[in-house]
Amino acid sequence: QVRLVESGGGLVQAGGSLRLSCAASGSIFTINAMGWYRQAAGKQRELVATIPSGGITNYADSVKGRFTISRDNAKNTVYLQMNSLKPEDTAVYYCNADLLTVVHRRAYYWGQGTQVTVSS
């Protein structure tokens with residue numbers, strides 16, 4: 001089994017910063033890609049940023065220049081540094097991982113989500 005645990009969410013003022021972390025653990029052979037998605041109240045979940053293994057990072061246009069996704073492969077952890085936060089960034093943020101288990105079975109996992117609230 002694989003578990004993804006997010007941390008770092010909270011309440012910040014507009015213009016502030018937060019750093020989200022998501023650690024994957026369990027029977028993981030390798031992680032192909034990790035990413036962050038978010039879902040605001042009453043809206044559909046949307047992609048924020050992804051970081052494939054050895055690939056080019058991808059960001060939603062709304063966060064380019066403000067957010068940075070990174071990963072520590074040794075720790076199976078993905079980070080999202082969020083700067084210059086805006087009220088419209090308010091959402092539940094979810095991490096995900098597209099990975100191969102130790103028995104080489106592809107699996108797709110989601111974390112439970114962490115609330116980010118940006119006040120104006």
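Not measured: the values here are computed from a predicted model. (Residues numbered from 1 in each chain as written. Predicted model: local features only at pLDDT ≥ 70, side-chain atom pairs only at ≥ 80, totals over all residues. Heavy atoms only, no water.)

A. Region of the structure containing the overall build of the chain. Of the regular secondary structure elements, the chain holds zero helices and eleven strands. Helices (α) and strands (β) of the chain occur, in sequence order from the N terminus, as β-β-β-β-β-β-β-β-β-β-β. The C-alpha atoms of the chain give 14 Å as radius of gyration, which agrees with the globular expectation for 120 residues (14 Å, within 12%). Each principal axis of the C-alpha atoms in the chain carries an extent, and together these give about 50 × 25 × 25 Å. Classification of the 120 residues of the chain by burial places 40% in the buried group. Intrachain contacts of the chain at a sequence separation of at least 6 include 55% that bridge at least 24 residues. The distance from the centre of the 12 positive side-chain charges to the centre of the 7 negative ones in the chain is 4 Å. (Helix = DSSP H or I, 4+ residues; strand = E, 2+ residues; numbered from the N terminus. Rg over C-alpha atoms; globule rule 2.2 N^0.38 Å. Buried < 20%, exposed > 50% of the residue type's maximum accessible area, 1.4 Å probe, protein only. Contact = heavy atoms within 4.5 Å. Lys, Arg positive; Asp, Glu negative; His and termini not counted. Charge placed at Lys NZ, Arg CZ, Asp CG, Glu CD.)

B. Local environment of the packing of aromatic side chains. This model, assessed by the stated rule, comprises two aromatic pairs. Here the aromatic rings of tyrosine 37 and tryptophan 110 are separated by 5.0 Å at their centres, their planes lie at 70°, and the arrangement is edge-to-face. One end of the pair, tyrosine 37, is in strand E4 (residues 28-39); the other, tryptophan 110, is in strand E10 (residues 106-110), with 73 residues separating them in the sequence. The class for tyrosine 37 is buried, based on a relative accessible area of 17%. By relative accessible area, tryptophan 110 is classed as partly exposed at 32%. Geometrically, the ring pair formed by tyrosine 108 and tryptophan 110 is edge-to-face, given 5.6 Å between the ring centres and 85° between the ring planes. Here a set of aromatic residues connected by ring pairs shows up, and it is made of Tyr37, Tyr108 and Trp110. The ring of tyrosine 94 carries arginine 45 above its face, with NZ or CZ at 3.7 Å from the centroid. If you follow arginine 45 out to its NZ or CZ, it ends over the ring of tryptophan 110, 4.7 Å from the centre. (Phe/Tyr/Trp six-rings, centres within 6.5 Å; stacked < 30°, edge-to-face > 60°. Lys NZ or Arg CZ within 6 Å of the ring centre and 35° of its normal.)

C. Geometry of the side chain of aspartate 89. Here aspartate 89 is to be found in the loop between strand E8 (77-82) and strand E9 (91-101). A polar atom in the side chain of aspartate 89 sits 3.0 Å from the side chain of arginine 38. Residues contacting aspartate 89, with those up to four places away along its chain left out, are Arg38, Arg66, Phe67, Ser84, Val116 and Val118. (Polar contact = N/O pair within 3.5 Å; in protein donor to acceptor, adjacent residues only side chain to side chain.)

D. Summary view of the environment of glycine 65. Along the polypeptide, glycine 65 turns up in the loop between strand E6 (58-59) and strand E7 (67-72). Owing to a relative accessible area of 85%, glycine 65 belongs among the exposed residues under this scheme. For the pair glycine 65 and methionine 82, spaced 17 residues apart in sequence, the C-alpha to C-alpha distance is 9.6 Å.

E. Region of the structure containing the state of the cysteines. Summed over the entire model, instances satisfying the criterion amount to one disulfide. A disulfide bridge connects cysteine 22 with cysteine 95, and the sulfur atoms are separated by 1.8 Å. Between cysteine 22 and cysteine 95 the disulfide shows an S-S torsion of about 40°. By sign, it is right-handed. Separated by 73 residues along the polypeptide, cysteine 22 in strand E3 (residues 18-26) and cysteine 95 in strand E9 bring together distant segments of the chain. Of the two residues, cysteine 22 and cysteine 95, both sit in the buried class. (Disulfide = S-S within 2.5 Å.)

In short, geometric facts, not functional conclusions.
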